[in-house]
Amino acid sequence: IGYSLVDGGSPVAPAAGAITLAGSDTTEATTTSTTLVDLLDATVSIAVGIPFLVVCSLRKTSGAAAGADIGLKLNSTSITTPRRVFSIDNQAEFGHMWAVVTAIPASTYGGGYMISGSSGEAPALKNITTARPNTEITNVIIEGLTDSASQTVAADSLHVYTLAIA
């Protein structure tokens, strides 16, 4: 995906297989629901003990002075409470979401973190306090809701990458 720096400041490409695409859902999904619904669903096969990265593009339309929220679900378990990604301004906005899910399915360590923000709402870091399921991850799901059915919230380009472990 990119380069990292090592001692001496020389750029070095990551080792082959360090980051691997596990699955994606690249068809835009929209909702005007004021209750949390599934938007995108990437089918994956991620074993217990493997950390992974989730990346997604987001948007909301104008139509109401209302915000919109995004959540993350693994298999059938919501591991985040809905996160406010869009402002309450009556305007179209675009945004993004990243999440790093830890390898350890124990609540003692939490589940990782999620970063999200939009053109109308400052980026924010949210700890994932619900542990990942202690089973193979087969579905990574983006959830969404809007505060007003007069506007639409959308998600697109969901990509899930596994991270190599030593």
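Just above sits the structure.
Below is a short write-up of the structure.

## Notes on the overall build of the chain
Counting its regular elements, the chain contains 0 helices and 14 strands. Starting at the N terminus, the α and β elements of the chain follow one another as β-β-β-β-β-β-β-β-β-β-β-β-β-β. For the chain, the residues scored as buried account for 42% of the 166 residues in total. Long-range contacts, defined as pairs at least 24 residues apart, comprise 73% of the intrachain contacts of the chain with a sequence gap of at least 6. Total accessible area on the chain stands at roughly 7,900 Å², and carbon and sulfur atoms take up 54% of it.

## Observations regarding the pattern of salt bridges
Evaluation of the coordinates by the stated rule reveals 5 salt bridges. The shortest N-O distance in the salt bridge between Lys73 and Glu143 comes to 4.0 Å. Linking Lys73 in strand E7 (residues 68–74) with Glu143 in strand E13 (residues 137–146), this pair joins segments that are 70 residues apart in sequence. The burial state of Lys73 is the same as that of Glu143; both residues are buried. Its salt-bridge partner being Asp147, residue Arg84 comes within 2.7 Å of it at the nearest N-O pair. Of this pair, Arg84 sits in strand E9 (residues 83–86) while Asp147 sits in the loop between E13 and strand E14 (153–163), and the two are 63 residues apart along the sequence. The class of Arg84 is partly exposed, set by a relative accessible area of 24%. Since its relative accessible area comes to 39%, Asp147 is described here as partly exposed. Ionic contacts of the salt-bridge type, sharing partners, join the residues Asp38, Lys73 and Glu143 into one network.

## Points about the nonpolar core
If you look at the biggest cluster of nonpolar residues, it comprises 29 residues, and the most contacted ones within it are Phe52, Val54, Leu72, Val140 and Ile142. Counting residues per element, the ones that place at least two in this core are strand E5 (37–46), strand E6 (52–60), E7, E9, strand E10 (93–101), E13 and E14. In terms of residue count, E5 provides more of this core than any other element does, 5 residues in total. Beyond its immediate stretch of four places on either side in the chain, Phe52 contacts Ile46, Leu74, Ala99, Val100, Val101, Arg132, Ile137, Val140, Val160, Tyr161, Thr162 and Leu163.

The rules behind these values
- Residues numbered from 1 in each chain as written.
- Predicted model: local features only at pLDDT ≥ 70, side-chain atom pairs only at ≥ 80, totals over all residues.
- Heavy atoms only, no water.
- Helix = DSSP H or I, 4+ residues; strand = E, 2+ residues; numbered from the N terminus.
- Buried < 20%, exposed > 50% of the residue type's maximum accessible area, 1.4 Å probe, protein only.
- Contact = heavy atoms within 4.5 Å.
- Areas by Shrake-Rupley, 256 points an atom, 1.4 Å probe, with all protein chains shown as cover.
- Salt bridge = Lys/Arg side-chain N within 4 Å of Asp/Glu carboxyl O.
- Core = buried A, V, L, I, M, F, W, Y, C linked by side-chain atoms within 4.5 Å.

Without other data, these values stay purely geometric and don't point to any function.
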